[in-house]
Amino acid sequence: MNFLNYFRSQKKSSAAVAKERLQIIVAHERTTRGGPEYLPMLKEELLAVISKYVEVDREAVKIQLDRDGDCEVLELNVVLPEVESQAKLR
Amino acid sequence: MARIIVVTSGKGGVGKTTTSAAFSTGLAKAGHKTVVIDFDVGLRNLDLIMGCERRVVYDFVNVINGEANLGQTLIKDKRIDNLFILPASQTRDKDALTLEGVGKVLEELSQEFDYIVCDSPAGIERGALLAAYYADEAIVVTNPEVSSVRDSDRVLGILSSKTRRAEKGEEPIKEHLLLTRYSPARVQKGEMLSVEDVGEILAIDLLGVIPESKSVLNASNAGVPVILDQQSDAGQAYEDAVARFLGEQRPHRFLSEKKGFLGRLFGS
């Protein structure tokens with residue numbers, strides 16, 4: 001038993017911070033892994049096309065490849081901006 | 001047929017060459033005919049760690065190009081029977097290695113050897129891909145540090161998608177984690193990721209933990225694989241790892257710091 005622990009602050013250890021950061025980034029990178037190599041380029045081009053018509057944030061476009069049995073599903077998710085700005089385009 | 005083992009990590013400087021040298025020496029010492037290949041074309045270093053730098057005549061690229069045969073090129077270790085070194089080329093560019101060329105050399109070595117240890121260059125470029133491509137097993141060398149763990153995870157992704165076994169749909173490469181430069185005292189203080197932390201993130205079988213040790217630099221200074229320094233903690237840890245690789249059950253030593261009375265009282 002170690003009595004000095006009593007005086008130590010309860011701050012999270014740097015190793016705990018490292019573990020948490022790693023878990024997040026590794027999980028994120030694993031989702032993009034295994035997809036075809038053209039996926040990032042496809043995303044860029046889709047983003048370019050979309051922004052020709054609507055002003056969208058980069059973060060508002062999500063592209064994801066999911067595997068469902070033998071089937072691969074390309075999911076494109078675009079969050080459009082406020083209705084007012086869309087109305088202008090119609 | 002030989003088993004082909006790639007020693008890889010993604011990140012540089014984590015101990016791939018030290019591990020390749022120690023592991024191949026350990027396998028040969030256990031009686032298996034072993035060859036260790038330096039895949040780091042342009043930055044040859046395995047020869048120095050193995051202490052045979054002055055005996056290099058031909059190299060891997062010479063063999064691939066048909067300028068020398070394996071008999072002329074392989075360097076026989078002077079300390080351990082059954083151990084041979086295939087050095088990397090220093091002068092040629094990285095494109096000198098081709099998938100077919102590497103395949104042919106490995107095929108030929110497979111007839112003669114029990115184990116082929118491929119010392120991968122750092123990174124995930126061509127040289128690293130070639131070193132891993134034909135592997136049956138992989139030793140992923142990782143330091144308990146964020147960038148190394150992340151890179152190891154990337155490498156695991158490559159092993160499961162861009163290698164021969166993956167492309168042919170065969171049984172996947174057997175992946176082993178080797179945690180190096182481990183400092184139990186710092187782990188206890190919460191300053192370093194623990195072996196459990198890294199194991200949880202990478203989720204592969206743990207082959208061994210090599211403690212941070214002065215003996216590693218001493219061994220490389222002398223050109224003696226650290227596994228031959230049987231007094232040292234790192235040397236013993238490598239010996240355990242090789243034994244585990246060969247199917248033996250051995251407890252993990254060196255996971256905690258030995259402490260005296262004062263250390264127990266005041267240490268963390």
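Residues numbered from 1 in each chain as written. Chains lettered and ligands numbered in written order. Predicted model: local features only at pLDDT ≥ 70, side-chain atom pairs only at ≥ 80, totals over all residues. Heavy atoms only, no water.

> Run through the overall build of chain A, naming residues and quoting values.
When you go through chain A residue by residue, the secondary structure sums to three helices and two strands. Within chain A, the fraction of its 90 residues that count as buried is 19%. Long-range contacts, defined as pairs at least 24 residues apart, comprise 31% of the intrachain contacts of chain A with a sequence gap of at least 6. Of the accessible surface of chain A, which amounts to about 7,600 Å², a share of 55% is contributed by carbon and sulfur atoms. (Helix = DSSP H or I, 4+ residues; strand = E, 2+ residues; numbered from the N terminus. Buried < 20%, exposed > 50% of the residue type's maximum accessible area, 1.4 Å probe, protein only. Contact = heavy atoms within 4.5 Å. Areas by Shrake-Rupley, 256 points an atom, 1.4 Å probe, with all protein chains shown as cover.)

> Account for the pattern of salt bridges, naming residues and giving values.
A full pass over the atoms with the stated rule returns 18 salt bridges over all chains. Glutamate 200 of chain B is paired through a salt bridge with lysine 19 of chain A; the nearest N and O atoms lie 2.9 Å apart. Taken together, the residues glutamate 200 of chain B in helix H10 (residues 195-202) and lysine 19 of chain A in helix H1 (residues 14-32) connect one chain to another. Its relative accessible area of 48% is what places glutamate 200 of chain B among the partly exposed residues. For lysine 19 of chain A, a relative accessible area of 18% gives the class buried. When the shortest N-O distance is used, the salt bridge between glutamate 191 of chain B and arginine 186 of chain B registers 2.8 Å. Look at the salt bridges and you will find they share partners, linking Asp240, Glu248, Arg250 and Arg253 of chain B into a network. (Salt bridge = Lys/Arg side-chain N within 4 Å of Asp/Glu carboxyl O.)

> Pulling in residues and values, what's your account of the nonpolar core?
Residues and elements named next belong to chain B. Core analysis: the biggest nonpolar cluster contains 52 residues, and Phe39, Phe60, Leu86, Leu97, Leu109, Ile116 and Leu159 have the highest contact counts within it. Residues within four places of leucine 159 in sequence aside, it is in contact with Val6, Ala132, Ala138, Val140, Ala166, Ile173 and Glu175. Counting residues in each nonpolar core, the second largest holds 35 residues, with Phe23, Val226, Ile227 and Phe254 among its members. (Core = buried A, V, L, I, M, F, W, Y, C linked by side-chain atoms within 4.5 Å.)

> Quick rundown of the sheet that holds strand E5 (residues 115-119) of chain B? Include the residues and the values.
All names here are of chain B. Reading across the sheet, the eight strands line up as E3-E4-E2-E5-E1-E6-E7-E8 and stay open at both edges, with mixed pairing between neighbours. Two strands bound the open sheet, and with one partner strand each, they are strand E3 (75-76) and strand E8 (205-211). One ladder, built from five bridges, connects strand E7 (residues 174-182) with E8; its direction is parallel. By the bridge assignment for E8, leucine 178 is matched with glycine 208. The sheet contacts of helix H7 (residues 146-159) involve strand E1 (3-8), strand E6 (137-142) and E7, and relative to E6 the element is tilted by about 165°. (Pairing = 2+ DSSP bridges. Axes fitted to C-alpha atoms, helices over the stretch in contact; angles between N-to-C directions.)

> Which residues make up helix H1 (residues 16-29) of chain B, and what are the values?
Residues and elements named next belong to chain B. If you check H1, its first and last C-alpha atoms are 19 Å apart, about what 14 residues at 1.5 Å a residue would give, namely 20 Å. Judged by how many residues are buried, H1 sits mostly within the fold: 11 of 14 residues are covered. Directly beyond the C-terminal end of H1, a positive phi value near 100° is found at glycine 31. (Expected span 1.5 Å × (residues − 1).)

> Any details on the packing of aromatic side chains? Residues and values, ideally.
Residue and element names in this part refer to chain B. Scanning the model with the defined rule gives five aromatic pairs over all chains in all. Plain terms: the ring middles of phenylalanine 39 and phenylalanine 60 are 5.1 Å apart, the flat faces sit at 80° to each other, and that makes the pair edge-to-face. Of the two residues, phenylalanine 39 sits in the loop between strand E2 (34-38) and helix H2 (46-50) while phenylalanine 60 sits in helix H3 (residues 60-64), which places them 21 residues apart along the sequence. Look at phenylalanine 39 and you get buried, because its relative accessible area is 1%. Pairing phenylalanine 84 with phenylalanine 113 gives two aromatic rings, centres 5.6 Å apart and planes at 75°, and the pair type is edge-to-face. Placement of phenylalanine 84 in strand E4 (residues 83-86) and of phenylalanine 113 in the loop between helix H5 (99-112) and E5 is noted, with a sequence separation of 29 residues between them. Residue phenylalanine 84 shares its accessibility class with phenylalanine 113, and that shared class is buried. Taken together, the ring pairs connect Phe23, Tyr115 and Phe245 into an aromatic cluster. (Phe/Tyr/Trp six-rings, centres within 6.5 Å; stacked < 30°, edge-to-face > 60°.)

> Any details on the environment of glutamate 112 of chain B? Residues and values, ideally.
In this fold, glutamate 112 of chain B is placed in helix H5. In terms of polar contacts, glutamate 112 of chain B uses its side chain to reach the side chain of lysine 33 of chain B, at 2.7 Å. (Polar contact = N/O pair within 3.5 Å; in protein donor to acceptor, adjacent residues only side chain to side chain.)

> Go over the side chain of serine 232 of chain B, please, and point to the residues and values.
Residue and element names in this part refer to chain B. In this structure, serine 232 sits in the loop between helix H11 (214-222) and helix H12 (233-245). Within the structure, the side chain of serine 232 is placed 2.8 Å from the backbone oxygen of aspartate 229, a separation counted as a polar contact. Of note is the side chain of serine 232, whose polar atom sits 2.9 Å from the backbone nitrogen of glycine 235. With sequence-adjacent residues up to four places away left out, serine 232 is seen in contact with Ser215 and Val226.

> Provide a residue-level description of the packing of H1 of chain B against H12 of chain B, including the pertinent values.
Residues and elements named next belong to chain B. Where H1 contacts H12, the axes come no closer than 9 Å and their chain directions differ by 60°. By the criterion of interaxial angle, the relationship of H1 to H12 is oblique. The chirality of how H1 crosses H12 is right-handed. Of the residues in H12, those touching H1 at Thr18, Thr19, Ala22, Phe23, Gly26, Leu27 and Lys29 are Tyr238, Glu239, Ala241, Val242 and Phe245. Within the contact of H1 with H12, the residues separate by chemical class into seven nonpolar, three polar and two charged. (Parallel < 35°, antiparallel > 145°, perpendicular 65-115°, else oblique. Left-handed = near helix turned anticlockwise from the far one by under 90°. Nonpolar A, V, L, I, M, F, W, Y, C, P; charged D, E, K, R; others polar.)

> Can you tell me about the packing of H1 of chain A against H10 of chain B, naming the residues and giving the values?
In contact at an axis separation of 10 Å, H1 of chain A and H10 of chain B are set at 15° when each is read in the N-to-C sense. For the element pair H1 of chain A / H10 of chain B, the angle class is roughly parallel. For the element pair H1 of chain A and H10 of chain B, the recorded crossing hand is right-handed. Together, Lys19, Leu22, Gln23, Val26 and Arg30 of chain A of H1 of chain A and Asp197, Glu200, Ile201 and Leu202 of chain B of H10 of chain B make up the contact between the two elements. A per-class count over the contact of H1 of chain A with H10 of chain B returns four nonpolar, one polar and four charged.

Limitation: the analysis is restricted to geometry and does not speak to function.
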